[in-house]
Amino acid sequence: MMANTVEAEGQLTPEEQKRLTADMHRSLRRKKIGALFLVAPLLIFIMVTFVAPIASMLYRSIDNPQVLEYMPNTSAALADWDGNELPDEATFAALVTDLAEGRKNYTIGKVATRLNYEKSQMRSLIMGTARKAGKLKPPYKDQVIKIKAGWSDIDNWKVIKRESKSLTASYYIAAFDMETTPDGEIKMLPEKERVYLAMLWRTIWMSVLITLLTLILGYPVSYLLASLPMGIANTLMILVLLPFWTSLLVRTSSWIALLQGQGVINDVLVWFGLVNDESRLSMIYNATGTVITMTHILLPFMILPLYSVMKTVPPSYMRAARSLGATPFTAFYRVYLPQSVPGVSAGAILVFILAIGYYITPALVGGQSGQFIGNMIAYHMQKSLNWGLAAALGVILLVFVMGLYALYSRFVGNNNQMSLR
Amino acid sequence: MENSASNEAFVRFDGVQKSYDGKILVVKDLNIDIPRGEFLTMLGPSGSGKTTSLMMLAGFETATHGDIYLDGQAINNVAPHKRGIGMVFQNYALFPHMTVAENLAFPLQVRKMGKSDIETRVNRALDMVELGSFGDRRPAQLSGGQQQRVAVARALVFEPELILMDEPLGALDKNLREQMQYEIKHIHERLGVTVVYVTHDQSEALTMSNRIAVFNDGVIQQLAPPSELYEKPINSFVAQFIGENNKLSGTLQSTQDGVCKIRLSTGEEVTALDINTDGIGKESTLSLRPERVFLDPVEGQCDNIFKGKVEEVIYLGDHKRVRMNVCGHKDFIVKVANSTDNKGLQVGGTSAIGWSSKDCRALNPA
């Protein structure tokens, strides 16, 4: 660029220097604008269809509008309440107004559902009172308590006051198997009621196991593919990619046919007398089924990055190591393996991130013990309609994966640059 | 006699054949004896079997027939890492994830040497190739020539008695290549190791070698010291492959005491040395080096004298290359020293040319 200006004179005067810098910036700016135009359509598409919905979904994990919006009078009245004794008559009046209004507008159900996440029986307390609120005359306090004795319990009022803020941490607290006591203390749920942490932990260790299995199965295959002549390697590559071209459901279903109690594998084992007909192996609708099926489904995601990295390692490195006196094992361990590390880490991170968010396969073949956190998120999205909790679980998963990726790029990313020429 | 030869040979190929597909022989019946300390070059066009022969010696390919001996031991079934042969590869094959010093230490570490011993030897090897301060760099941070020197140092650091080099200078530019040729030659002279060197570059082979084996079609065409190979090629392939060569083809008329007469297709008769002809009446190709042809030969200097028409004169500073039409051959090249005598060489002009029958060799038809 600007070769004639620079080469004509060895030394530039400050003025020329300045002009050159300005010229360069101008030409670069034009380039940058051009680049922006090239990516603009995709950028807009992603912003509209992906980033915005995801952001709004994630916002739901802290969004808490129900009480504030649909019980505005009660929220205002409770703002100054000290929480030591039952609220005064004015607060009860506000409650009755809100409940009657809410029932008329069909919004009170949302408040009831929301509050029920925090404390069971809140739903029936709200709904039961709301049904009669329209007919009440002042003074309200005793009448309301007569309808539902729960209104004499300070703890219920505390929950309403706590959730009358527009943002809440309660979905995250629930996602970590914790609860907020009426006194505002956050503590772990009783052992029996804990669900999500165990499931998150299971998701992580099973994903690690699946990643390890794909690595153990994929590494030798990739090595073979990378060392074979092009023609044969391409043919074998089709076999690796074949599962890609088959529907995920078909692949999962065929594993059901293979692995189930009356399935092919059990039949063969029984036929050979290796397994008793009464004690057929249970290889599906449990964690084993999830691991086997997902290992198969995710295997290509391990093989492809491994293969592409191994393809770039010239065979002369191994030969050089052998000629220098290294046994085949030492040559592999000290020369080949370190150079395939970028492929191993790329494949591992890819498989692990895919596995940790999987939910179709665990849903179909996982039974009880093979469910992933993704299944829980789907459940809250589709069945319980507790989107806030689903969003909170999603955020936790996302943060975990991003943290992992940060570690990866920090340690392996730098290493990559050093080991690649 | 044959017995003593086999005792002297440090490396010996004995009737070695190699085929990759079971149909075509890439190496056909290879026999060479390489004495200790020799610099032997395997020279040939690509696909001639020279690299395959080297790989068989290194242990990366197995001979389909015949035996390879190293220091009197058959090594066909010895794994590469147990042969103790240093090797320099075409693209150096320096391990990119190790520093220069780690690369050099590698062959010593796998031999389980002590740490301080390794350090001494690595430093000595680095000094030998004048890269003493480069130990901590990675190969990618070095220039091509420096990488080349590290590769040589790594092949030498464990003090093998035999070094194999597979076109090690192929990736360097011309100047650097010439400089490295001398460096490798000097290292060889200083250490006295045996070197088997593979190249397709004939000037490289002529510069460095004690002996050159010219390969073609899986067969050694000629195995001789550089000067003999250039001046006394024994067949048309070698004459054509090494250096510049004028070819004249004709039929053998008579032969007596190693001197023969060849009649060219245009009718002229040439006297030449009978080196490799098939018999009276058979085709033969004459080989004649351009610098052995004289313009306006003095009486008695040449026993072959013809007329030639100048087609083209190429000025090359110290000499001129004159392309002439001689006996119907339009690409007959004569090298003329750039002296004042022949300033008058004009394109289109005619000149008498001549050569001695001792410089003209009758070979097999090409």
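Residues numbered from 1 in each chain as written. Chains lettered and ligands numbered in written order. Predicted model: local features only at pLDDT ≥ 70, side-chain atom pairs only at ≥ 80, totals over all residues. Heavy atoms only, no water.

Trainee: Requested: an account of the state of the cysteines, with residues and values cited.
Mentor: Residue and element names in this part refer to chain B. On inspection of all chains with the given rule, the structure shows 0 disulfides over all chains. Between Cys-360, a free cysteine, and Cys-260, which holds the nearest cysteine sulfur, the sulfur-to-sulfur gap is 8.1 Å. Classification of Cys-360 as buried rests on a relative accessible area of 0%. (Disulfide = S-S within 2.5 Å. Buried < 20%, exposed > 50% of the residue type's maximum accessible area, 1.4 Å probe, protein only.)

Trainee: Which residues make up the packing of aromatic side chains, and what values do they have?
Mentor: Residues and elements named next belong to chain A. Summed over the entire model, instances satisfying the criterion amount to 18 aromatic pairs over all chains. Ring geometry for Tyr-219 versus Phe-332: centroids 6.0 Å apart, planes at 90°, classification edge-to-face. Here Phe-332 lies in helix α17 (residues 328–356) and Tyr-219 lies in helix α11 (residues 196–227), a separation of 113 residues in the sequence. Residue Phe-332 is classed as partly exposed on the basis of its relative accessible area, which comes to 24%. Ring pairs connect the aromatic residues Tyr-219, Tyr-223, Phe-332 and Tyr-336, which therefore count as one cluster. (Phe/Tyr/Trp six-rings, centres within 6.5 Å; stacked < 30°, edge-to-face > 60°. Helix = DSSP H or I, 4+ residues; strand = E, 2+ residues; numbered from the N terminus.)

Trainee: So what's going on with the interface of chain A and chain B? Which residues, and what values?
Mentor: Counting from both sides, the interface comprises 20 residues of chain A and, opposite them, 24 residues of chain B. Together, the buried faces of chain A and chain B total about 2,100 Å²; carbon and sulfur atoms form 65% of this surface. Three residues, Arg-319, Leu-324 and Arg-334 of chain A, lead the burial of chain A against chain B; their summed loss comes to 35% of the area buried on that side. Among the salt bridges present, the one from Arg-319 of chain A reaches Glu-61 of chain B, with a minimum N-O distance of 3.7 Å. Across the chain A-chain B interface, the total number found is 4 residue pairs in polar contact (both at pLDDT 80 or more). Of all elements in the fold, only α16 (315–323), α17 and α20 (387–419) of chain A reach the threshold of two or more residues within the side of chain A that touches chain B. Taken together, the residues of the side of chain A that touches chain B break down into 9 nonpolar, 7 polar and 4 charged. (Contact = heavy atoms within 4.5 Å. Buried area = accessible area lost by both parts, 1.4 Å probe. Salt bridge = Lys/Arg side-chain N within 4 Å of Asp/Glu carboxyl O. Polar contact = N/O pair within 3.5 Å; in protein donor to acceptor, adjacent residues only side chain to side chain. Nonpolar A, V, L, I, M, F, W, Y, C, P; charged D, E, K, R; others polar.)

Trainee: If you had to explain the UniProt feature "domain: ABC transporter" (unreviewed entry) in chain B to someone new, which residues and values would you point to?
Mentor: The UniProt entry lists residues 11–242 of chain B under the feature "domain: ABC transporter" (unreviewed entry), expressed in the numbering used here. Taken end to end, residues 11–242 of chain B has its terminal C-alpha atoms 25 Å apart, with 36% of it in helix and 26% in strand. (UniProt positions renumbered as here; feature names shortened; annotations may be inferred.)

Trainee: Describe in detail helix α5 (residues 89–104) of chain A, supporting the description with residues and values.
Mentor: All names here are of chain A. Its 16 residues place the ends of α5 23 Å apart at the C-alpha level, agreeing with the 22 Å of an ideal helix rising 1.5 Å per residue. Listing the buried residues of α5 in full gives Thr-91, Phe-92, Ala-94, Leu-95, Val-96, Asp-98, Leu-99 and Gly-102. Contacts made by the buried residues of α5 are with α3 (66–70), α4 (72–78), α6 (108–118), α7 (122–133), α8 (141–147) and α9 (154–162). Where α5 terminates, the next one or two residues include Tyr-106, which has phi positive at roughly 55°. (Expected span 1.5 Å × (residues − 1).)

Trainee: So what's going on with the nonpolar core? Which residues, and what values?
Mentor: In this structure, Phe-13, Leu-57, Phe-95, Phe-106, Leu-162, Leu-164 and Val-196 of chain B are the most contacted members of the largest nonpolar core, which totals 104 residues. In terms of residues, this core owes the most to one element, helix α15 (residues 287–310) of chain A, which gives 11 residues. (Core = buried A, V, L, I, M, F, W, Y, C linked by side-chain atoms within 4.5 Å.)

Trainee: Got a sec to walk through the domain arrangement of chain B? Specific residues and values, please.
Mentor: Residue and element names in this part refer to chain B. Along its sequence, chain B is organised into domain 1 (2–236) and domain 2 (246–363). If you average the C-alpha positions of domain 1 and of domain 2, the two centres end up 39 Å apart. A combined buried area of about 690 Å² lies between domain 1 and domain 2, and 43% of that area is made up of carbon and sulfur atoms. It is Tyr-230, Pro-233 and Ser-236 that lose the most area in domain 1 upon contact with domain 2, and together they represent 60% of the buried surface on that side. Summed over the shared surface of domain 1 and domain 2, the number is 0 salt bridges. Inspection of the region where domain 1 meets domain 2 yields 5 residue pairs in polar contact (both at pLDDT 80 or more). Grouping the amino acids of the side of domain 1 that touches domain 2 by side-chain chemistry returns 4 nonpolar, 2 polar and 2 charged. (Domains from an automatic or database assignment.)

Trainee: Account for the packing of α11 of chain A against helix α12 (residues 230–241) of chain A, with residues named and values stated.
Mentor: All names here are of chain A. Across the interface, α11 lies against α12 with an axial gap of 9 Å and an inter-helix angle of 150°. Relative to α12, the element α11 is oriented roughly antiparallel. In the packing of α11 onto α12, the handedness of the crossing is left-handed. On the side of α11, the interface is formed by Val-221, Leu-224 and Leu-225, while α12 contributes Ala-233, Leu-236, Met-237 and Val-240. (Axes fitted to C-alpha atoms, helices over the stretch in contact; angles between N-to-C directions. Parallel < 35°, antiparallel > 145°, perpendicular 65-115°, else oblique. Left-handed = near helix turned anticlockwise from the far one by under 90°.)

Trainee: Lay out the sheet that holds strand β4 (residues 65–70) of chain B in plain terms, naming residues and giving numbers.
Mentor: Residue and element names in this part refer to chain B. Strand order across the open sheet formed by 4 strands is β2-β1-β4-β5, with antiparallel pairing between neighbours. At either margin of the open sheet sits one strand with a lone partner, and together these are β2 (25–35) and β5 (73–74). Of the pairings in the sheet, the one linking strand β1 (residues 9–19) to β2 comprises 7 bridges and is antiparallel in character. Note that in β2 the partner of Ser-19 across the bridge is Leu-25. (Pairing = 2+ DSSP bridges.)

Trainee: Can you tell me about a positive patch on the surface, naming the residues and giving the values?
Mentor: Residue and element names in this part refer to chain A. A contiguous patch of positive charge, built from Arg-103, Arg-131, Lys-132 and Lys-135, is present on the exposed surface. Looking at the element boundaries, Lys-135 is found in the loop between α7 and α8. Given a relative accessible area of 70%, Lys-135 falls into the exposed group. (Patch = residues over 30% accessible without salt bridge, like charges linked within 9 Å, V, L, I, M, F, W, Y side chains within 5 Å. Areas by Shrake-Rupley, 256 points an atom, 1.4 Å probe, with all protein chains shown as cover. Lys, Arg positive; Asp, Glu negative; His and termini not counted. Charge placed at Lys NZ, Arg CZ, Asp CG, Glu CD.)

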